[in-house]
Amino acid sequence: MKKQNAFTLAELLVSILIISVILTLLAPVITKRAKENISVSTSSLNSKLYIYNKSNPECSEISGVNNSIQCLFTIPSGVKKINAIAVSGGGGGAGATQPSIEYGKKLTVANATPKTSKTQELTITNGMKNIVISELIGSGAGGGGAVLVQSASSTASFIPTSQSYCDKYNAIYIRPSYNGGKGICVTKRNVGDSGGPPIPSSVSKVSTNTKCRNSCCWVGTTSASGFCNNLDGYNGCTRTVCTQRAAKAACENYSINGANEWRLPTVNEMTAWSEDIDEISVGLGSSGLQLCDAKRGDWSGQIKSTYCGGNTHNCPGAAYSTCNAYFVWLAESGCGFALSRNELNGPYCEGIDDYAYSTRCVLGPAGTTNTLSGGGGGAGAYIKNYQIPNDVISSNIGGKIKLFSAAGGSGGSSA
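Reference entry: report on the structure contained in this document. Everything numeric here is computed off the predicted structure, so don't read it as measured data.

Cut-offs and rules
- Residues numbered from 1 in each chain as written.
- Predicted model: local features only at pLDDT ≥ 70, side-chain atom pairs only at ≥ 80, totals over all residues.
- Heavy atoms only, no water.
- Helix = DSSP H or I, 4+ residues; strand = E, 2+ residues; numbered from the N terminus.
- Buried < 20%, exposed > 50% of the residue type's maximum accessible area, 1.4 Å probe, protein only.
- Contact = heavy atoms within 4.5 Å.
- Areas by Shrake-Rupley, 256 points an atom, 1.4 Å probe, with all protein chains shown as cover.
- Disulfide = S-S within 2.5 Å.
- Phe/Tyr/Trp six-rings, centres within 6.5 Å; stacked < 30°, edge-to-face > 60°.
- Lys NZ or Arg CZ within 6 Å of the ring centre and 35° of its normal.
- Pairing = 2+ DSSP bridges.
- Axes fitted to C-alpha atoms, helices over the stretch in contact; angles between N-to-C directions.
- Patch = residues over 30% accessible without salt bridge, like charges linked within 9 Å, V, L, I, M, F, W, Y side chains within 5 Å.
- Salt bridge = Lys/Arg side-chain N within 4 Å of Asp/Glu carboxyl O.
- Polar contact = N/O pair within 3.5 Å; in protein donor to acceptor, adjacent residues only side chain to side chain.
- Core = buried A, V, L, I, M, F, W, Y, C linked by side-chain atoms within 4.5 Å.

1. Describing the overall build of the protein
Phase 1: Each helix and strand counted, the protein has six helices and 22 strands in total.
Phase 2: Counting the 415 residues in the protein, one finds 32% classified as buried.
Phase 3: Considering only residue pairs separated by 6 or more positions, the protein has 65% of its internal contacts joining residues 24 or more positions apart.
Phase 4: Looking at the protein as shown, the accessible area adds up to about 25800 Å², and 53% of this sits on carbon and sulfur atoms.

Here it is in structure tokens:
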């Protein structure tokens, strides 16, 4: 027998693959030429879909006919054929025991009279269904009126006008121009120092180098040796320092000659002091605040303020166990101002029990007196487009739908 040459299966598959690749590459050319022979013209077409319903401004309801509308259709120029499709709802079926069903029943429960309730009822009848609450709004209570911020004590309105007013309280007078427009009295010495407010029994009074935590005051050498002096008779080496918790308690418990509304100074007050600290602390000498300075403040060869630097670790229990007499506590939580080179800077804020600072108490209004704004009215319940389930209605024939308008609160009283 004579052998005939033929393709192997592998050779056949390779040939088919090559032909497929060639056809794929030629497809865009073939398609393009085919499209060039197809022409579709839309110049003769002028069609548009118009939808008419109750929301269309060209439509209106037909008087006396429920759920029916009439619409005005303006034929565009050039239109020769119109197809109109009308879709309408079927008529309502008559009830089993009553000849007609009432549609459009409206319940009104609105009540403009405060503190007065109102109820409206609708009897559920046989065949009633598809009940929708389109809008139901409940009224909230009125807000409280503004309240003037005042204290009941006789010293709440105390505004000193001169040093003589503060003398009987052993305090320094800070005039309005140095204190943001309000005069106040400031204690001459720190809490715990001679001539200053006493440490109350609720505060732990301990000697320096004694560990104490939370409400504590340290009495003894609070500045490092060589970093303090005794200028104007108020030693910067042994100033009593306290945690803020203790400082606040000491001022609030301080009472002298009928004045018992002492407090810590605010950040706004001490910011105002910083602008004239030379005058109110140093320039007045022993009659000034006599705050002590972290760094020696030399000017023309003279020390301008008492020196109490060094950051001694003689107050164990405070942060880093340091005593910082050149810091003064503020009323703001965990915050104080620092006097350094005759500049009062701050606020610096840490924890109320973390540092041991100087404490000065003030008497007088805290800045301007403001009123609190009235409280907002309570929110009312709001339901919109809620359909009562038909199975609830059908299973309660003879029942009632009751809408209840609870009494809304009257307006808040004036300040």
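2. Comments concerning the state of the cysteines
Phase 1: According to the stated counting rule, one finds nine disulfides in the structure shown.
Phase 2: Two residues share a disulfide in this structure: C212 and C216, whose sulfurs sit 2.0 Å from each other. Judged by the sign of its S-S torsion, about -85°, the cystine formed by C212 and C216 is left-handed.
Phase 3: The disulfide partner of C292 is C308, and the S-S distance across this bridge is 2.0 Å.

3. Some thoughts on the packing of aromatic side chains
Phase 1: Throughout the structure, instances matching the rule amount to eight aromatic pairs.
Phase 2: Relative to Y357, the ring of Y355 has its centre 5.7 Å away and its plane inclined at 35°; by these criteria the two rings are tilted. Comparing Y355 with Y357 shows no difference in burial state: the two are buried.
Phase 3: Three or more aromatic residues link up through ring pairs in this structure, and these residues are Y320, Y326, F327, W329, Y348, Y355 and Y357.
Phase 4: Across the ring face of Y234, the terminal group of R189 is positioned such that the distance to the ring centre comes to 4.2 Å.

4. Describing the sheet that holds strand β6 (residues 171-174)
Phase 1: Strand order in this open sheet of three strands is β6-β7-β19, and the pairing throughout is antiparallel. Each having just a single partner strand, β6 and β19 (362-363) make up the two edges of the open sheet.
Phase 2: Bridging between strand β7 (residues 184-187) and β19 involves two bridges; their strand directions are antiparallel. Considered in β19, the bridge of V186 is made with V362.
Phase 3: Packed on one face of the sheet, helix α4 (residues 267-274) meets β6, β7 and β19 and runs near 85° to β7.

5. So, a nonpolar patch on the surface
Phase 1: Among the surface-exposed residues, F73, I75 and I82 lie close enough to one another that they form a single nonpolar patch of about 260 Å² accessible area.
Phase 2: One can find I82 in the loop between β2 (69-71) and β3 (118-123).

6. What to know about the pattern of salt bridges
Phase 1: A complete count under the given rule lists three salt bridges for this structure.
Phase 2: Of the charged contacts, one joins E269 and R263 as a salt bridge, the two residues approaching to 2.8 Å between their closest N and O atoms. We note that E269, like R263, is buried.

7. Digging into the pairing of β7
Phase 1: Across the two faces of β7 the burial is the same, with I184 and V186 and C185 and T187 all buried.
Phase 2: Inspection of the sheet shows β6 paired to β7 by four bridges, in the antiparallel sense. The residue of β7 that forms the bridge with I174 is I184.

8. Overview of unusual backbone geometry
Phase 1: A cis amide bond links G346 with the next residue in sequence, P347, at an omega value of 0°.
Phase 2: In this structure, S321 takes a positive phi of about 65° despite not being glycine.
Phase 3: Along the chain, S321 falls in the loop between β14 (302-303) and β15 (323-329).
Phase 4: Unusually for a residue other than glycine, R341 sits at a positive phi of about 55°.

9. As for the side chain of T322
Phase 1: Considering the arrangement of structural elements, one finds T322 in the loop between β14 and β15.
Phase 2: We classify T322 as buried; its relative accessible area is 8%.
Phase 3: Here N324 takes part through its side chain, which lies 3.2 Å from a polar atom of the side chain of T322.
Phase 4: Those residues within four positions of T322 in sequence are excluded, and the remaining contacts are N311, T312, H313, C315 and A356.

10. Some details on the nonpolar core
Phase 1: If you look at the biggest cluster of nonpolar residues, it comprises 42 residues, and the most contacted ones within it are Y169, W218, V241 and W262.
Phase 2: Those elements that provide at least two residues to this core are β6, β9 (216-219), β12 (241-242), α3 (244-252), β15 and β18 (356-358).
Phase 3: Listed in part, the 19 residues of the second largest apolar core include M270, V328, C335 and F337.

11. Let's talk about the environment of N345
Phase 1: Position of N345 relative to the elements: it lies in strand β17 (residues 343-349).
Phase 2: Sequence separation between N345 and S274 is 71 residues, and the spatial gap between their C-alpha atoms is 7.1 Å.
Phase 3: If sequence neighbours within four positions are ignored, N345 has contacts with F337 and A338.

12. Some thoughts on the environment of N130
Phase 1: Locating N130 in the fold gives a position in the loop between β3 and β4 (131-137).
Phase 2: The exposure class of N130 is partly exposed, given its relative accessible area of 46%.
Phase 3: If we ignore the near neighbours within four places in the chain, the residues touching N130 are Q387 and N390.

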